[in-house]
Amino acid sequence: MSPVTAEDVARARAAIGDVARHTPVLPSATLSERAGGANVLLKAESLQRTGSFKIRGALNKLASVGDACSRGVVAGSAGNHAQALAFAAQARGVPCEVFMPAEASIGKAEAAQALGATVRLAGAAVDDCVSAARERAAETGMVFVHPFDDPDVVAGQGTLGLELLEDVPDLAKVIVPIGGGGLASGVAIAIKSARPGIEVVGVQAETVAPFPASLQAGEPLEAPQALTIADGIAVKRPGKLTLALVKEWVDDVVVVAEDDVAEAMVMLLEKAKLVVEGAGAVGVAALLAGATRAATDGATVVVLSGGNVDAGLLATVARRHETLVGRRIVVLTRVPDRPGALAGLLDCVADAGANMVEVSHLREGVDLHVRETAVQLVMETRGKDHAAEVLDAIARGGYVAGIIRG
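Note that the structure is a prediction, hence the values are computed from the model and not measured.

This part covers the overall build of the protein. Along its length, the protein carries 15 helices and 14 strands. Dimensions along the principal axes, computed over C-alpha positions, put the protein at roughly 80 × 50 × 40 Å. Per-residue burial over the protein gives 54% buried out of 406 residues. Accessible surface for the protein amounts to roughly 17,000 Å². Of this, 50% is attributable to carbon and sulfur atoms. One way to put it: in the protein the 37 positive side-chain charges average out to a point 2 Å from where the 48 negative ones average out.

Rendered as structure tokens:
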């Protein structure tokens, strides 16, 4: 018998229903079109309390231990589980401590602190934080709440699957992010227990993707730690429980590239008007990159598991996208080092209709005549064709210029 059952998920739903939201399922014309006319929907769990699905598992764990958590709860997390546990502890009136990586999102750490949690920075990765939290629980008698490798947590995450069964009558496929595997396995258990024919596919970021190799080996294997835009699912090693559950219940696990995740974030921002973090956008990235395909008969739902992204990172991703599509270019040219020379160059840019963002003089590191200065221009254009027109206008003005980025 599975250590987590559909009955466990049903009980979890009753236990968390006073706090967790039933999040919406939204149509996506853009993804449906990109998927060849298939029906693609988005499960906007990024609109959940604390900005991610994690509140479901945290609430169910507290419900399962009851009065045993009176001394408090403690966890290790990259951020979303920390916020969720802090919110759940606040809602149930118990103390909370969370251990987060030293490089954790500032926004996520501050959010957990604002919810009343004591935040401690420990180690380089989630695994280090989990170990520190276990030690703290042993020292203090607090209840340790694992971010994924716990039957109660898995059952809580599975309540998302029950909502999909209710909201999408023709559900045929679910694409869900995988970090530790709690969400993917919980959703798969809830859905496939009721309708075994529905396909469930998990997605990992390729820079930290231990599940494919671990599934093949039949035991948890550690992936090298690496920087990733999908920090919320940057779990180096699957849990024993979740690895077994994913192997039993999830149909496939695929990986996606960092660049594809960044583009998925921008697509969701521009087209769906949803702010989704990298970890939450990997499912969309998988569809856009062809790592998995939408169902041809029935609806495909992509789970947007979280929306907790720092504004600075979001701005960086958006600028990167603008550069890729030619709406932001960086041009290097040179002008005579005399009064008025720069004004002539800028007149050419203005006449071509580009918007000047930044102008920099470069007098070192470039092969220049002693009476010349290099000029770097950062400009906004209407796209690649307009960018070419801007370069032509600069050339007609007598300046030799080239795009160095864009």
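Attention shifts here to the pattern of salt bridges. Throughout the structure, instances matching the rule amount to 22 salt bridges. A salt bridge links Glu 163 to Arg 56, with the nearest nitrogen and oxygen atoms 3.0 Å apart. Of this pair, Glu 163 sits in helix α7 (residues 151–167) while Arg 56 sits in helix α3 (residues 54–65); the two residues are 107 residues apart in sequence, bridging distant segments of the chain. The residue Glu 277 makes a salt bridge to Lys 108 at a minimum N-O spacing of 2.9 Å. Taken together, the residues Glu 277 in the loop between α11 (258–270) and α12 (278–289) and Lys 108 in helix α5 (residues 106–114) connect sequence positions 169 residues apart. Given the relative accessible area of 1%, Lys 108 is considered buried.

Next up on the list: α11. For an α-helix the count is 3.6 residues per turn, leaving residues at separations of three or four pointing the same way. Its 13 residues give α11 an end-to-end C-alpha distance of 19 Å, which sits within 8% of 18 Å, the value for a rise of 1.5 Å per residue. Glu 258, Val 261, Ala 262, Ala 264, Met 265, Val 266, Met 267 and Leu 268 are the residues of α11 that are buried. Among the structural elements, α2 (29–34), β2 (39–43), β8 (199–205), β9 (252–256), α12 and α13 (311–324) are those in contact with the buried residues of α11.

Below, the discussion takes up the environment of Gln 83. Inspection of the secondary structure puts Gln 83 in helix α4 (residues 80–92). Along the sequence, Gln 83 and Gly 51 sit 32 residues apart, while their C-alpha atoms lie 8.6 Å from each other. For Gln 83, the contacting residues outside a window of four places in its chain are Thr 50, Lys 108, Ala 111, Ala 112, Leu 115 and Asn 308.

Cut-off values and rules
- Residues numbered from 1 in each chain as written.
- Predicted model: local features only at pLDDT ≥ 70, side-chain atom pairs only at ≥ 80, totals over all residues.
- Heavy atoms only, no water.
- Helix = DSSP H or I, 4+ residues; strand = E, 2+ residues; numbered from the N terminus.
- Buried < 20%, exposed > 50% of the residue type's maximum accessible area, 1.4 Å probe, protein only.
- Areas by Shrake-Rupley, 256 points an atom, 1.4 Å probe, with all protein chains shown as cover.
- Lys, Arg positive; Asp, Glu negative; His and termini not counted.
- Charge placed at Lys NZ, Arg CZ, Asp CG, Glu CD.
- Salt bridge = Lys/Arg side-chain N within 4 Å of Asp/Glu carboxyl O.
- Expected span 1.5 Å × (residues − 1).
- Contact = heavy atoms within 4.5 Å.

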